[in-house]
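Fold and geometry: a report
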Amino acid sequence: MSVLNVAVVGAGPAGIYAADILSKSGREVKIDIFERLPAPYGLVRYGVAPDHPRIKQIINALYGIIAKGEVHLVGNVEVGKDVTIEQLREHYDAVIIATGSDLDAPLNIPGVDLEGCHGAADFVAWYDGHPDYPREWSIEGEHVAVLGVGNVGLDVARILAKDVEDLMVTEIPANVEAVLRRKQVTDVHVFGRRGPAQVKFTPLELRELGHVPGVDVVVREEDMEFDEGSQAAIAASKQTKMVVKTLTDYAMVEDEERTAPRRIHIHLFESPVEVLGQDGRVVGLRTERTRLTGDGNVEGTGEMTDWPVSQVYRAIGYFSSPVAGVPYDPKRGLVPNAGGRVLTGPEEGAQTVPGLYATGWIKRGPVGLIGSTKSDAQETIANLLADVDAGVVAGDGAERHGAATLLPWLEEKGVEYTTSDGWITLDDYERKLGQAAGRERVKVVSREAMTAISRGQDWDGPLL
Ligand code: NAP
């Protein structure tokens with residue numbers, strides 16, 4: 001059989017792991033990863049908080065895959081705009097969608113559109129220097145709210161509460177530093193609508209919060225409530241047990257022991273019902289007290305509390321954007337699939353679309369740590385290879401030449417695509433910028449600058 005040409009859409013961990021597993025399958029393959037940004041790594045670069053260098057280390061493994069030459073990056077190309085899925089499928093034997101989740105899950109309560117009510121995905125993209133987000137951000141007031149008790153909520157709370165000096169070893173760009181220097185936040189109120197055994201934090205991230213300099217973590221003793229469902233959840237999961245233990249430790253700290261200038265409050269059993277506004281701006285948050293119903297779920301008690309906060313950050317989960325030309329389930333925010341084989345729709349009885357696959361968060365929804373995208377990719381690639389063996393993929397005898405024919409077409413169209421070598425150049429540039437400032441890296445934010453540097457052009461314009 002001739003070489004199998006495969007296109008991956010999205011150069012985050014999901015796409016890069018899938019490419020890596022496929023490249024090691026023993027088949028003769030050529031893999032091109034199409035990425036809408038000039039830089040790879042998706043949420044590792046533009047989602048992981050800058051003060052989590054341990055997680056950012058995953059970049060080294062991903063870099064190794066891109067730099068070894070079997071997998072080629074085609075950056076700065078948006079599938080659905082610069083090239084259509086149909087065109088990709090004309091040039092490649094198989095296409096794997098790995099575009100992840102970039103939006104905030106919707107929250108349908110009054111007041112979410114007020115000025116000062118933000119989605120965490122937007123805030124995270126801003127502080128991580130995403131080129132397509134505005135450079136400005138306004139962090140207002142002393143008391144702010146974060147909705148959702150998952151790790152994104154913790155990231156957002158930490159960045160809002162932390163002293164900017166403690167971020168100066170990280171890769172945060174100058175515009176982010178400037179805004180964080182001006183902030184006046186003293187109290188970040190994180191709200192969970194269920195109880196301590198139902199929070200989504202992971203143990204390490206929750207414990208880390210207790211070590212943030214200048215910040216106390218406040219949990220109220222009366223929020224440490226458990227029902228039968230909670231006890232069962234604790235007994236069933238070591239992780240839940242550890243998280244509950246850490247929350248209990250925080251709750252046991254006496255008020256007089258809390259002397260830090262800033263606080264992160266974790267409020268449980270408080271369900272957001274309305275973002276309160278005045279003159280179009282956020283002035284508070286109304287929550288309804290909930291209580292456990294026995295099975296780990298909660299019901300409203302009707303008891304309302306108004307919290308005077310000047311901003312609300314919604315960290316209630318991510319949601320995936322559709323990719324033009326690829327089936328999409330708008331309810332669940334993902335590509336309908338069976339084991340990574342894309343289906344024609346979410347409805348029962350839907351057929352598989354031959355040669356089209358999905359992996360990562362766009363396949364299973366925005367849950368799980370980065371490592372879990374690896375097992376996900378294994379399943380998708382195993383099914384892809386089974387389809388090759390069955391003649392479903394590349395079995396029609398048609399010649400598809402992948403990059404050999406597509407890249408000249410992009411060039412002709414004037415699409416300024418970037419390559420793996422271009423990324424190595426930009427990566428080196430950012431590291432040198434960092435060295436000059438005593439940091440590991442300083443990010444180039446502007447898309448024009450990223451593209452020009454990657455393409456080996458002289459760039460003396462702004463980097464932000
Ligand atoms: P998540 O873990 O699913 O947490 C979402 C939170 O929002 C839950 O507490 C959920 O409560 C709450 N929520 C959902 N709808 C709500 C509503 N209508 N009102 C109030 N609360 C609501 O999502 P995430 O924080 O976005 O994280 C996504 C994934 O990325 C997770 O696997 C996470 O571990 C991972 N991640 C890891 C790190 C790290 O540092 N290791 C950092 C960031 C993200 P319910 O449970 O009641 O629905």
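Below, the structure is looked at part by part. Just so you know, these numbers come straight off a predicted model, no measurement behind them.

**Things to note about the environment of Val217**
When you line up the elements, Val217 lands in strand S9 (residues 215-219). Residues Val217 and Ala49, spaced 168 residues apart in sequence, show a C-alpha to C-alpha distance of 19 Å. Those residues in contact with Val217 that lie beyond four places of it in its chain are Leu209, Gly210, Tyr250, Arg258, Ile264 and Ile266.

**Digging into the sheet that holds strand S6 (residues 117-119)**
Two strands in a sheet stick together by hydrogen bonds in their backbones, pointing the same way (parallel) or opposite ways (antiparallel). Read from one edge of the open sheet, 6 strands run S6-S14-S7-S8-S10-S9, paired in parallel fashion. Of all the strands in the sheet, the pair left with one neighbour each is S6 and S9. Going across the sheet, the axis of each strand differs from the next one's by a mean of 20°, ignoring polarity. In this sheet, strand S10 (residues 262-267) lies alongside S9 in parallel orientation, the contact comprising 5 bridges. What sits directly across from Val215, in S10, is Arg262. Running at roughly 75° to S6, helix H6 (residues 120-127) makes contact with S6 and strand S14 (311-314) of the sheet.

**Some thoughts on helix H8 (residues 174-182)**
Within the sequence span of H8, burial applies to Asn175, Val176, Glu177, Val179 and Leu180. On the buried face of H8, the contacting elements are H6 and helix H7 (151-161).

**Things to note about the sheet that holds strand S17 (residues 341-343)**
The mixed open sheet is built from 7 strands, whose spatial order is S3-S2-S1-S4-S18-S17-S16. If you trace the sheet from one side to the other, it starts and ends with strand S3 (71-74) and strand S16 (337-338), each paired once. As defined by bridge partners, strand S2 (residues 29-34) adjoins S3 across 4 bridges and the pair is classed as parallel. Among the inter-strand pairings, Ile33 is bridged to a residue of S3, identified as Leu73. Taken strand by strand, helix H1 (residues 13-23) contacts strand S1 (4-9), S2 and S3, and its axis lies near 175° from that of S2.

**Section: the pairing of S2**
Consecutive residues of a regular strand have side chains that alternate between opposite faces of the sheet. Burial of S2 is extensive: 5 of the 6 residues sit out of reach of the surface. Of the strand pairs in this sheet, S1 and S2 are connected by 6 bridges, and their pairing is parallel. Opposite Asn5, over in S2, you have Lys30 as the bridge partner.

Conventions we followed
Residues numbered from 1 in each chain as written. Predicted model: local features only at pLDDT ≥ 70, side-chain atom pairs only at ≥ 80, totals over all residues. Heavy atoms only, no water. Helix = DSSP H or I, 4+ residues; strand = E, 2+ residues; numbered from the N terminus. Contact = heavy atoms within 4.5 Å. Pairing = 2+ DSSP bridges. Axes fitted to C-alpha atoms, helices over the stretch in contact; angles between N-to-C directions. Buried < 20%, exposed > 50% of the residue type's maximum accessible area, 1.4 Å probe, protein only.

In short, shape yes, function no, at least from these values alone.
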